[in-house]
Amino acid sequence: MIEAFCGAFLSMLARVVTGVRVVWRGSMPDLRPRIYFANHRSHADFVLLWTALPAPLRRLTRPVAGADYWLQSRLRSFMAERVFHAVLIDRRPGAKDVDPIATMAAALDLQQSLIIFPEGTRNTGDNLLLPFKSGLYYLARSRPGVECVPVWIENLNRVMPKGEFVPIPLLCTVTVGAPITVAGDEEKDVFLERCRQALLGLAAPHRGES
């Protein structure tokens, strides 16, 4: 099928261009449904994270992405819906026809994992992370038995700088951290800060802070 060919080709291309190195620190690949949450610097982030997963996990893992971006053209729509099987969320102000948390939770109920970016948008500034949106917390609360796994993506923004269309070959690292679950009485700000610190802890060794 053309979808499978496109997925395999993109995975191979991502590995060739980025030379991606995957480090499992505190967790191991698992077929159980998980919520992989990562920093967000490039539109290619979910492609690299998806590529970094072992093939059996890739088949069960769906990126969560903005419908406003991925449905702008037939090619993007084909890639999002038929190649990556993305969970597309309508981010337009006032869009309330479908509950995005319920949509994501339904995918978890089907034994599928999710890739989400809790910053909500690409971080193009100097700060390592933008403030987290609340969606990660409410999704975790909706399915408290599902593990939230932090993933730090290093260097991809330099491979594909904003506004550029030709990638610059550069070694990238995807570091997968220890799973986190939400406590029954844990407040939103506490949980989100715990997740944020987990990501920053994965970033530290890349910046000589370990």
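Residues numbered from 1 in each chain as written. Predicted model: local features only at pLDDT ≥ 70, side-chain atom pairs only at ≥ 80, totals over all residues. Heavy atoms only, no water.

This part takes up the packing of aromatic side chains. Counted under the stated rule, the structure contains 7 aromatic pairs. Aromatic pair phenylalanine 5 and phenylalanine 9: ring centres 6.4 Å apart, planes at 15°, arrangement stacked. A residue pair is termed a helical-turn pair when its members lie 3 or 4 positions apart in one helix, as phenylalanine 5 and phenylalanine 9 do in helix α1 (residues 2–18) at 4 residues. The exposure class assigned to phenylalanine 9 is partly exposed, which follows from its relative accessible area of 41%. Directly above the ring of tryptophan 50 sits arginine 58, whose terminal nitrogen or CZ lies 5.6 Å from the centroid. Above the plane of the ring of tyrosine 69 lies arginine 76, whose end atom (NZ or CZ) is 3.9 Å from the centre. (Phe/Tyr/Trp six-rings, centres within 6.5 Å; stacked < 30°, edge-to-face > 60°. Helix = DSSP H or I, 4+ residues; strand = E, 2+ residues; numbered from the N terminus. Buried < 20%, exposed > 50% of the residue type's maximum accessible area, 1.4 Å probe, protein only. Lys NZ or Arg CZ within 6 Å of the ring centre and 35° of its normal.)

Let us now look at the state of the cysteines. In this structure the tally under the stated criterion is 0 disulfides. Not part of a disulfide, cysteine 148 finds its nearest cysteine sulfur in cysteine 195, a span of 5.7 Å. For cysteine 148, a relative accessible area of 0% corresponds to the buried category. (Disulfide = S-S within 2.5 Å.)

A separate point is helix α6 (residues 100–109). The α-helix winds at 3.6 residues per turn, so residues separated by three or four positions along the chain end up facing the same way. By the burial criterion, the buried members of α6 are Ile101, Met104, Ala105, Ala107 and Leu108. One face of α6 carries all of its buried residues, which in axial projection span an arc of 155°. Considering only its buried residues, α6 is in contact with β2 (34–38), β3 (61–66), β4 (87–89), β5 (113–116) and α7 (135–142). Where α6 starts, the residue carrying a side-chain oxygen 3.1 Å from the main-chain nitrogen of isoleucine 101 turns out to be aspartate 99. (Arc of directions from axis to C-beta. Contact = heavy atoms within 4.5 Å. Polar contact = N/O pair within 3.5 Å; in protein donor to acceptor, adjacent residues only side chain to side chain.)

Attention shifts here to the nonpolar core. Membership of the largest hydrophobic core comes to 30 residues, with the highest contact counts inside it found for Met104, Leu114, Leu136 and Phe191. When contributions to this core are tallied by element, the ones reaching two or more residues are β2, β4, α6, β5, α7, β6 (147–154) and α9 (188–203). Broken down by element, this core gets its largest block of residues, 7 residues, from α9. Apart from residues no more than four positions distant in its own chain, methionine 104 is found in contact with Val64, Val87, Ile89, Leu114, Ile116 and Leu139. By size, the runner-up hydrophobic cluster in this structure holds 29 residues, among which are Ala14, Trp50, Phe78 and Val176. (Core = buried A, V, L, I, M, F, W, Y, C linked by side-chain atoms within 4.5 Å.)

Interpretation in functional terms is not warranted from these geometric data alone.
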